[in-house]
Amino acid sequence: MFLTCMETVTKELVSWMRGHESSVFSISVHASGKYAITTSSDTAQLWDLDTFQRKRKLNIRQSVGIQKVFFLPLSNTILSCFKDNSIFAWECDTLFCKYQLPAPPESSSILYKVFAVTRDGRILAAGGKSNHLHLWCLEARQLFRIIQMPTKVRAIRHLEFLPDSFDAGSNQVLGVLSQDGIMRFINIQTCKLLFEIGSLDEGISSSVISPHGRYIACIMENGSLNIYSVQALTQEINKPPLPLVKVIEDLPKKKLSSSDLKMKVTSGRVQQPAKPRGSKIQTRILKQDLTGDFESKKNELPDGLNKKRLQILLKGYGEYPTKYRMFIWRSLLQLPENHTAFSSLIDKGTHVTFLNLQKKYPIKSRKLLRVLQRTLSALAHWSVIFSDTPYLPLLAFPFVKLFQNNQLICFEVIATLIINWCQHWFEYFPNPPINILSMIENVLAFHDKGLLQHFIDHDITSQLYAWPLLETVFSEVLTREEWLKLFDNIFSNHPSFLLMTVVAYNICSRVPLLNCNLKDDFEFFFHHRNNLDINVVIRQVYHLMETTPTDIHPDSMLNVFVALTKGQYPVFNQYPKFIVDYQTQERERIRNDELDYLRERQTVEDMQAEVDQQRVEDEAWYQKQELLRKAEETRREMLLQEEEKIIQQRQRLAAVKRELQVKEMHLQDAARRRFLKLQQDQQEMELRRLDDEIGRKNLTENQAAVAKEMRADADAYRRKVDLEEHMFHKLIEAGETQSQKTQKVIKENLAKAEQACLNTDWQIQSLHKQKCDDLQRNKCYQEVAKLLRENRRKEIEILNAMVEQEAKKWKEAEGKEFCLRSAKKASALSDASRKWFLKQEINAAVEHAENPCHKEEPRFQNEQEDASCLPRTSHLNDSSEMHPSTQISLNRRAVEWDTTEQNLIQKVRNLRQRLTAQARHRCQTPHLLAA
């Protein structure tokens, strides 16, 4: 949510004020117009209307909530009312908590919703959803009265005091708008119902009372707007004012209960005290004091103030209270506040004389400049003399700065000052007021002839020692506080007080003035601040006012104070009209001549500008051509440099290519060596496989099946090895192809990188990389050598273990070989015996077939006989006990077995020699690699 601040005259947007998160339902402005408070349901914010910046922010708990936050009239106190009925008073400048009102009695406790304060800021009225009203005395800070409204009232929607011109701000009549749409006006002292507006059929939605209490504007529930005249509604307002002296009773010290405070609102005539019977009433005729009555009326001011008492207060304290000063000034000057007349002057717009005011009077604040321009324009529209008055901005500026937030009051204060305190200033226009300066000089001559003679000796006239003080109304030589204190006294006295102030200022400054001898020193003195006590000056003014003779006293030549008329401003024509008219005509003629001259000069300037523009364009074209030529030469030089760099890059690229080719050759050589080594290992493996196959072929026939299976496994293994070799060759070829592709990509990337990078330090990086590679290879070589040494040590241990195991295995093989020969011999004997037995059986069968009747002799009587018939193993070599054929067969088979055994032994020996040679070769190979 945000607030917009609009200018009422020009309808222009002045500023945005952001900060509220919920809707704003209350705005309160300070009496000076400098500060404002905006209130929403969750926060209240204090704004500075000069800068439209937020000064402070009041945050509260969401459970509490804010009802209303507002300024008390004619004070710097802020009153904050919350939904829990707590009411706090804060200091506006320091935001220090001054006090908190106590809680109301429990018997009459209501939730406050609406509030109203009298114009003097002493009484606070609060109401809510009840027919009770609470009246608080803010000076005593306690609840002093509870008013019970009629029974028809169930809730109070709005409260507002009715202003009175005779009550000095202590308003006695309170307007109460209830839920039935009727606004009742009661007297808070007598608690009597005075009058009421609205009805049940035509209820009031909202209402507001005019500042002077003459009219009441109401928005009705049907949408119409009704305006009521207070004077026509009641005669109570026209009664004479209350006595100025009142007897005020002390507040009771004991705690008051709600029954003691409560009073009911009654209607009808005011009750009078009963007259005692039998007593005589003494009647006296009071003689009217015409002189006192006239003097009293003369000193009576608006808003219930008395000028004589204000003068007594001023002499006692030297100045008016700061928070009441503006209110007192408005009463002393009796400002009419003619809103309509002022608006008509403002609507005429900015006067032509002050269109360029900022050039002659530069002001940092745009707002202050705008207000000054409008005020001067309104004065010029009011009277034509002010459009030609050169010192008017100097005279009006301090009042504009003081009343910048209320332009109507500012205009009327300046107009009142001009009519009363600037009398006869414009009779010698456009020259300074010689008559006024002569009055000042006569008074100075009477009271300080020495100082006047000093001015005469140095050719210093009243236009130098008096007029600068008058035309700036002392704003250049006094501070803000001193100036306000001085004008408290000026506005409270006769208009001649201002002229006497000029004389007093010179007399009080006679010591530094007597020391001045140059005219520039005098001018500087009357245009700058000096070390002077304003209180001494004011006392001197009062002394001059009392001691100056009547024949030279300015009050005899100046009229008494006259206030501005209400409704319309008076005509101001106290100036030589023919001179002003003549000057206006001359100024108009000069303005027209100036306009013609400006038009001609503008034409000439336009022609000159065209010529200058053409010349500038020509020079720019020539400069552009020169720049293009230089740019072309620069580009050519850059191309030559680029070509040289490309040639150097190509040379470096060729060198890199050569290095890559050398590295490629080294890699290919290493791959070839690894491949040859792999082929050599495969050949050795093949030889070992052949040796194993040869060994398997020499085994016995019983091991043929095993040898066949092993050959099948060997064939499968060979096929697998061939497949793996084929795959390995393909891998090598694919690696070479990938290496070639990678080399090609690397070459292209290197060419692109060399072409894109014009100034590279690739040589340094290459050397650094080579160094790193050398260190890495050296480290790898060391590690490989260490691993080789470790492998050699382990292989030697393994070989020693293998040699020992080989010796064991040879012994075991010899034993098994002996067993094998014995088994083979036993098997041969068994075969020979079986064959011999079969042959005997066959022979017997043949004989039986040839001679069936031949009786067969028993061959075996028992098993022992049968066993004894078999040849014995121990007599295997005894040929005399064997059959001749059996002996021949056994001999032949023995020769075969001996031959086979010798061949097998020879093969085993050859295999042992080959394995020993291979073991020795392996033992020598690590040393060769290490060398």
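Rules of the game
- Residues numbered from 1 in each chain as written.
- Predicted model: local features only at pLDDT ≥ 70, side-chain atom pairs only at ≥ 80, totals over all residues.
- Heavy atoms only, no water.
- Core = buried A, V, L, I, M, F, W, Y, C linked by side-chain atoms within 4.5 Å.
- Buried < 20%, exposed > 50% of the residue type's maximum accessible area, 1.4 Å probe, protein only.
- Helix = DSSP H or I, 4+ residues; strand = E, 2+ residues; numbered from the N terminus.
- Contact = heavy atoms within 4.5 Å.
- Salt bridge = Lys/Arg side-chain N within 4 Å of Asp/Glu carboxyl O.
- Pairing = 2+ DSSP bridges.
- Arc of directions from axis to C-beta.
- Axes fitted to C-alpha atoms, helices over the stretch in contact; angles between N-to-C directions.

Membership of the largest hydrophobic core comes to 101 residues, with the highest contact counts inside it found for Trp-382, Trp-425, Leu-470, Phe-474, Trp-483 and Phe-491. Take this core: its biggest share by element is 11 residues, from helix 10 (residues 407-421). Setting aside anything within four residues of it in sequence, one finds Trp-483 in contact with Trp-329, Pro-398, Phe-399, Leu-402, Val-473, Phe-474, Ser-475 and Leu-478. Formed by 18 residues, the second largest nonpolar core is a distinct cluster that contains Ile-87, Leu-101, Phe-115 and Leu-124.

Tallied over the full model, the rule gives 24 salt bridges. Across the salt bridge formed by Glu-790 and Arg-793, the nearest N and O atoms sit 2.1 Å from each other. You can see Glu-790 and its partner Arg-793 sitting in helix 22 (residues 762-850), 3 residues apart, about one turn around the helix. Overall, the relative accessible area of 31% leaves Glu-790 in the partly exposed class. Here the salt bridges do not stand alone but share partners, grouping Asp-120, Arg-122 and Glu-139 into one network.

This next bit is on the pairing of strand 6 (residues 53-59). Two elements, strand 5 (residues 43-48) and strand 6, share 6 bridges in a ladder whose sense is antiparallel. Looking across to strand 6, one finds that Asp-48 is bridged to Gln-53. Count of turn residues in the strand 5/strand 6 antiparallel hairpin: 4 residues, of which Phe-52 carries a positive phi of about 55 degrees.

Let us now look at helix 5 (residues 325-332). Residues Arg-325, Ile-328, Trp-329, Ser-331 and Leu-332 constitute the buried set of helix 5. The buried residues of helix 5 occupy an angular sector of 165 degrees when the element is viewed end-on, so they sit on one face. Check the buried side of helix 5 and you find it contacts helix 4 (307-317), helix 9 (392-402) and helix 15 (480-491). After helix 5 finishes, the residue Gln-334 shows a positive phi value of roughly 50 degrees.

What follows deals with the sheet that holds strand 17 (residues 183-187). In spatial order, the strands read 15-16-17-18; together these 4 strands make up an open sheet with antiparallel pairing. Strands with a single pairing partner mark the edges of an open sheet, and in this sheet they are strand 15 (156-162) and strand 18 (193-197). Adjacent strand axes in the sheet meet at a mean angle of 20 degrees when their direction is disregarded. Relative to strand 16 (residues 173-178), strand 15 runs antiparallel, the two being bridged by 6 bridges. Pairing of Glu-160 across the sheet is with Gly-175, part of strand 16.

Keep in mind these values describe shape, not function.
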